[in-house]
Amino acid sequence: MFVDNNSLESVTILTEHELHEIDGWLKRFPEDQRQSALLGALRAVMHEDHYLSYEKMDAVAEYLGIPKVAVYEVASFYSMYEMDEKAAGKNTIAVCTNISCMLNGSDKIVKHIESKLGIKHGETTPDGEFYFKIEEECLAACCGAPMMQLNHVYHEHLTLSKVDELLDTCLPKRSDDDVGESESAAVKSTDSIVDKKGGK
Amino acid sequence: MSDKIETIKITVDGKELEAKPGAMLIEVTDQVGIHIPRFCYHKKLTVSANCRMCLVEVEKAPKPMPACATPVTEGMTVWTRSEKALTAQKDTMEFLLINHPLDCPICDQGGECELQDLSVAFGGSSSNYHEVKRVVVDKNIGELVSTELTRCIQCMRCVRFGEEIAGMRELGAMGRGDRVEIGTFVQKSLSSELSGNIIDICPVGALTAKPSRFTSRAWEMMQTAAVASHDCVGSNTHIHTFKKKLVRVIAGDNEAINECWISDRDRFSYQGIESKDRAEVPMIKKDGNWKRVSWEDALNAVAEKLKAAHPDNIGVLASPRATIEELYLLQKSMRAIGVNSLDHRLRQTDFNQQESMGLFPWLGMSLSDIEAQDAMLLVGSNVRKEQPMINHRIRNAVNNQAAKVFTVNPRHLEFNYPVELQFVSDPLEMVNTLAGVAAASFKISKATIPAGLKDLLNAVEVTAESKSLAKTLKDAENAVVFLGSIAVQHPGYSTLRALSSVIADNTGATLGYFAESANTVGAWLAGMVPHRTQAGGVVEEVGKSTAQMLDKGMNTFVLLDVEPSFDCDDAVLANETMKVADCVISISPYLSGSMLEQADIILPSAAYTETSGTFVNAEGVWQSFNAASQSYEEARPAWKILRVLGNVLGLDGFDYVSSSDVRDELKKACGGVSEVNNSFEVVGIYTTLDKLAVTNNVLQRIGEVAEFCGDALVRRAEALQKSAPQQDAIQLNSAEVTRMGLQVSLDENQLVDVKQGVETVSMPLILNDAIPDGCVLLASGTESSSLLGSAFGSVEITS
Ligand code: SF4
Ligand code: FES
Ligand code: FES
């Protein structure tokens with residue numbers, strides 16, 4: 001390989017944490033297989049910026065010594081990567097709307113979240129706290145439908161109040177004055193949907 | 001190949017076949033002409049087996065198998081046209097057509113489309129799919145290739161081509177599943193010098209040639225085999241014409257020469273043939289006014305002028321792109337009237353020791369042998385742009401057998417393979433750098449340093465790098481030192497050549513040349529040099545070289561397809577010399593503005609595709625071709641013009657009937673020589689260069705020929721010119737810019753005034769940190785350069 005890591009521009013573009021992560025991934029693969037660290041590298045960037053900018057993708061390409069298109073290909077292939085700055089929310093909510101979840105009321109969950117956050121499905125809240133991602137594929141948790149991922153963690157057997165609770169845990173701590181307001185917003189829409197207790 | 005290669009037996013469609021174990025089924029069937037339909041498989045690319053069109057029935061296999069990805073095994077029985085196979089193929093076809101538009105009537109590929117052909121041969125007449133088809137937004141990927149990506153069937157040939165052949169991945173498959181799109185993702189023009197090949201390999205009309213888009217249908221065109229005319233490889237091409245008008249050029253197959261690829265320059269240069277400044281009729285200048293005359297009058301006038309001038313005052317300059325027939329007839333007629341000053345080495349400036357050249361600048365090996373080299377030293381060559389197909393061979397050597405490549409160049413170049421080490425120094429210093437390597441090679445060989453090189457070699461420092469280069473060449477089983485066009489143009493060429501020769505001798509490497517143009521080798525064989533006649537014959541009196549002719553001001557010039565201000569090293573000098581000459585006779589397809597000023601008689605000749613002829617490539621292979629299109633107006637093939645001129649001059653032996661008669665006469669004289677001894681004894685004194693006084697704003701010029709400016713044809717090829725606007729710019733590194741206190745605004749096309757000699761031109765400035773300190777890259781052959789001085793002189797940036 002002819003990658004001289006010290007003189008690369010990418011070193012100045014990628015954050016210390018990202019470089020540390022990428023180096024960690026690189027250690028797990030043979031030296032001439034740097035491309036193998038690509039998924040991990042992009043994940044590290046997602047973790048920092050919540051989306052992949054061209055700048056960072058190009059920096060990853062340079063750092064790994066692979067063509068830029070190879071990075072774009074991978075980034076555009078996996079739905080866990082976002083390439084639009086508008087999709088960069090600190091927390092990502094992905095409600096499954098595929099068949100099993102749909103039959104179990106995922107539409108209502110989506111509507112609820114939309115009105116709670118005041119944004120449309122696919123948008124990010126203006127304060128950048130939440131990105132409400134459109135998840136197109138079945139997330140393979142049909143037996144717990146309806147379900148969603150919150151920051152990639154699975155939450156099954158959703159009810160509207162459960163959704164409220166979950167989202168509230170993500171919000172930064174507020175002073176007492178604010179509590180009333182936020183509660184009223186949440187209360188407004190806590191009527192129950194198909195609420196299957198139990199689960200695993 | 002030894003005959004003991006084990007073979008196995010397989011049965012295909014009831015026929016017993018022998019095959020190499022491990023070969024893919026499709027390779028075996030292709031060899032014997034059993035046709036299996038395919039889209040993604042391409043003999044020069046890796047197998048990706050994603051289109052499934054090649055499904056065949058294999059006995060004992062539960063499902064149909066893809067022939068492109070199924071290795072043959074002993075006793076295998078295959079049915080390519082059984083019901084099971086045909087059903088699988090038909091179903092695949094139906095599947096592929098789900099998203100393919102029915103726009104064949106307006107598709108450039110219609111009539112030569114693999115999808116169309118196979119759909120007729122293997123598809124059904126109706127589809128079960130009645131839903132909407134997908135639409136893909138087209139991408140702008142530059143001036144050369146048009147996209148219509150809704151037609152793409154995702155065979156990935158273009159993507160694999162980028163990675164495996166072009167050596168740079170520019171196209172990729174974005175997205176996933178039914179939404180996969182081919183593209184660059186970020187809008188960008190393709191920059192590979194081989195990018196046009198994706199037009200040939202795309203099985204559908206998704207990637208087509210932009211310049212010939214919507215101009216004619218495949219079945220209306222005539223195809224003529226031709227030989228490309230811009231580099232020393234002689235790539236085989238096919239020229240397509242419609243009603244005798246040029247439409248496009250595609251690659252021809254010739255495994256030994258260009259495999260099945262051609263460079264973009266060879267593919268798109270044909271546009272220059274339909275340039276607006278073609279010369280229509282013979283013309284004579286009388287009292288500063290041009291008069292159109294008949295061929296008879298024109299040739300009589302030429303004969304008169306030639307007879308009136310003293311032969312020693314007649315200079316003949318010919319393009320190394322002229323056919324061997326033209327060069328030979330010009331040489332023969334001129335020598336017959338006593339002219340000795342003939343040359344085709346238009347950009348060369350140092351002719352010292354020219355006698356030590358072999359019969360012609362030979363590659364030193366066959367093109368395919370390049371792939372067997374283990375170590376290579378490139379001296380003065382931007383090989384990727386100069387000789388794209390040779391670069392491709394070098395790349396194969398690097399990729400397939402870890403060949404080590406070293407370069408000695410005046411600037412750092414971008415390669416599409418790993419290069420062991422690039423020795424970069426300014427043009428003058430380049431000689432010392434190479435001398436360092438030579439000195440290191442003497443340390444290894446313990447040979448005595450020839451007297452002429454002693455001073456130079458003793459004065460240089462032998463670095464660890466040059467030692468390791470010399471050692472690598474020495475240790476390699478097959479090693480070669482190649483001299484490229486930058487070396488030939490270099491003011492110290494004779495020294496570079498002598499140094500390369502001793503390095504080769506000392507390390508046991510071969511010495512090879514990248515001949516500059518399509519017929520440089522032919523020009524040597526035809527005797528288009530001042531010191532030899534045809535086939536290397538001796539001359540009684542050595543004539544003047546290009547440099548001497550331009551410098552000493554002959555009073556009569558004969559130019560064969562030469563535009564002095566663009567084709568010669570020092571445009572200012574060439575312009576001046578032509579202007580003061582009593583008579584300049586130009587045989588050329590074109591009438592440029594400067595030509596009208598400089599010439600006195602213009603004989604319009606047929607352009608490249610309008611004449612039959614022969615080129616001899618760098619390996620020494622003679623390749624003849626026929627005319628593909630009609631001559632323009634009254635233009636005539638130059639070999640005919642010269643034959644008649646021979647008659648008008650009353651010379652013997654000018655009764656040829658066809659161009660092949662001319663070729664055969666010369667070929668006989670050459671006696672079938674195809675290999676040349678490139679090595680020579682280094683004796684005598686070599687050119688030493690004075691240090692340039694690099695002052696504040698004076699910098700050394702690196703004047704290598706721009707990729708698309710090497711000859712009159714390509715300079716007029718519109719799409720290629722548009723694709724490379726950076727050719728006509730001045731490039732220097734940011735440190736120099738700061739040092740000179742130039743104000744640079746990066747986003748705009750900033751112009752600076754550049755002065756060389758007496759002329760000043762205004763040209764765009766590009767920052768390029770690969771240019772060494774104290775230098776500028778200001779390529780030759782460009783508009784700006786046609787007003788400036790020597791390619792490796794010094795230039796001043798005045799503001
Ligand atoms: S553009 Fe052509 S070559 Fe490329 S994947 Fe599509 S069909 Fe194949
Ligand atoms: S449909 Fe929602 S998890 Fe499968
Ligand atoms: S040619 Fe075999 S799968 Fe495409």
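Residues numbered from 1 in each chain as written. Chains lettered and ligands numbered in written order. Predicted model: local features only at pLDDT ≥ 70, side-chain atom pairs only at ≥ 80, totals over all residues. Heavy atoms only, no water.

Visitor: Would you mind showing me how to read the domain arrangement of chain B here?
Guide: When the parts come together, some accessible area is lost, and that loss is often what is quoted as the size of the interface. All names here are of chain B. Under the domain assignment used here, chain B contains domain 1 (8-97), domain 2 (298-354 + 520-670), domain 3 (364-513) and domain 4 (698-797). Computed over C-alpha atoms only, the centres of domain 3 and domain 4 are separated by 27 Å. Every contact between the two is made by 14 residues of domain 3 and, on the other side, 16 residues of domain 4. Between domain 3 and domain 4, a total of about 1,200 Å² is buried, with carbon and sulfur atoms accounting for 61% of that surface. The interface formed by domain 3 and domain 4 contains 2 salt bridges. The shortest N-O distance in the salt bridge between Arg411 and Glu704 comes to 2.9 Å. Connecting domain 3 to domain 4 are 5 residue pairs in polar contact (both at pLDDT 80 or more). Those elements that provide at least two residues to the side of domain 3 that touches domain 4 are helix H11 (427-445) and helix H14 (485-489). (Domains from an automatic or database assignment. Contact = heavy atoms within 4.5 Å. Buried area = accessible area lost by both parts, 1.4 Å probe. Salt bridge = Lys/Arg side-chain N within 4 Å of Asp/Glu carboxyl O. Polar contact = N/O pair within 3.5 Å; in protein donor to acceptor, adjacent residues only side chain to side chain. Helix = DSSP H or I, 4+ residues; strand = E, 2+ residues; numbered from the N terminus.)

Visitor: Just to check I follow, could you spell out helix H3 (residues 114-122) of chain B for this structure?
Guide: Three- or four-residue spacings in an α-helix give side chains the same orientation, since the helix completes a turn every 3.6 residues. Residue and element names in this part refer to chain B. Those residues of H3 that fall on the buried side of the exposure criterion are Leu115, Leu118 and Phe122. Seen end-on, H3 carries its buried residues on one side only, within an arc spanning 70°. Looking at H3, the residues exposed on the side facing more than 90 degrees away from the buried face are Val120 and Ala121. Along its buried surface, H3 packs onto helix H2 (83-97). (Buried < 20%, exposed > 50% of the residue type's maximum accessible area, 1.4 Å probe, protein only. Arc of directions from axis to C-beta.)

Visitor: Help me out: how do you make sense of the pattern of salt bridges in this one?
Guide: Once the charged atoms of two side chains with opposite charge are near each other, the side chains can pair. Residue and element names in this part refer to chain B. Summed over the entire model, instances satisfying the criterion amount to 43 salt bridges over all chains. The residue Arg157 makes a salt bridge to Glu114 at a minimum N-O spacing of 3.4 Å. Pair noted here: Arg157 is in helix H4 (residues 157-166) and Glu114 is in helix H3, with a separation of 43 residues, a long-range link. Classification of Glu114 by relative accessible area gives partly exposed; the value is 24%. Between Glu597 and Lys579 there is a salt bridge, with its nearest N and O atoms 3.8 Å apart. Placement of Glu597 in helix H20 (residues 593-598) and of Lys579 in helix H19 (residues 571-580) is noted, with a sequence separation of 18 residues between them.

Visitor: Teacher, can you tell me more about the interface of chain B and chain A here?
Guide: Between chain B and chain A, the contact holds 15 residues from the first and 14 residues from the second. Across the chain B to chain A interface the summed buried area is about 1,100 Å²; carbon plus sulfur atoms make up 62%. For the chain B face of the interface with chain A, the top three residues by lost area are Arg169(B), Arg176(B) and Phe185(B), together amounting to 53%. Among the salt bridges present, the one from Arg169(B) reaches Glu73(A), with a minimum N-O distance of 2.6 Å. At the junction of chain B with chain A, the criterion picks out 4 residue pairs in polar contact (both at pLDDT 80 or more). Looking at the side of chain B that touches chain A, the element that brings in the most residues is strand S7 (residues 172-174) of chain B, giving 3 residues. Taken together, the residues of the side of chain B that touches chain A break down into 7 nonpolar, 4 polar and 4 charged. (Nonpolar A, V, L, I, M, F, W, Y, C, P; charged D, E, K, R; others polar.)

Visitor: What is the right way to look at the side chain of Glu170(B) in this model?
Guide: Note that Glu170(B) resides in the loop between H4 and S7. For Glu170(B), a relative accessible area of 7% corresponds to the buried category. For Glu170(B), the side chain forms a polar contact with the side chain of Lys188(B), separated by 2.5 Å. Within polar-contact distance, the side chain of Glu170(B) engages the backbone nitrogen of Ser192(B) at 3.1 Å. Each residue touching Glu170(B), except ones within four places of it in the same chain, is listed here: Val69(A), Gly183(B), Thr184(B), Lys188(B), Ser189(B), Leu190(B), Ser191(B) and Ser192(B).

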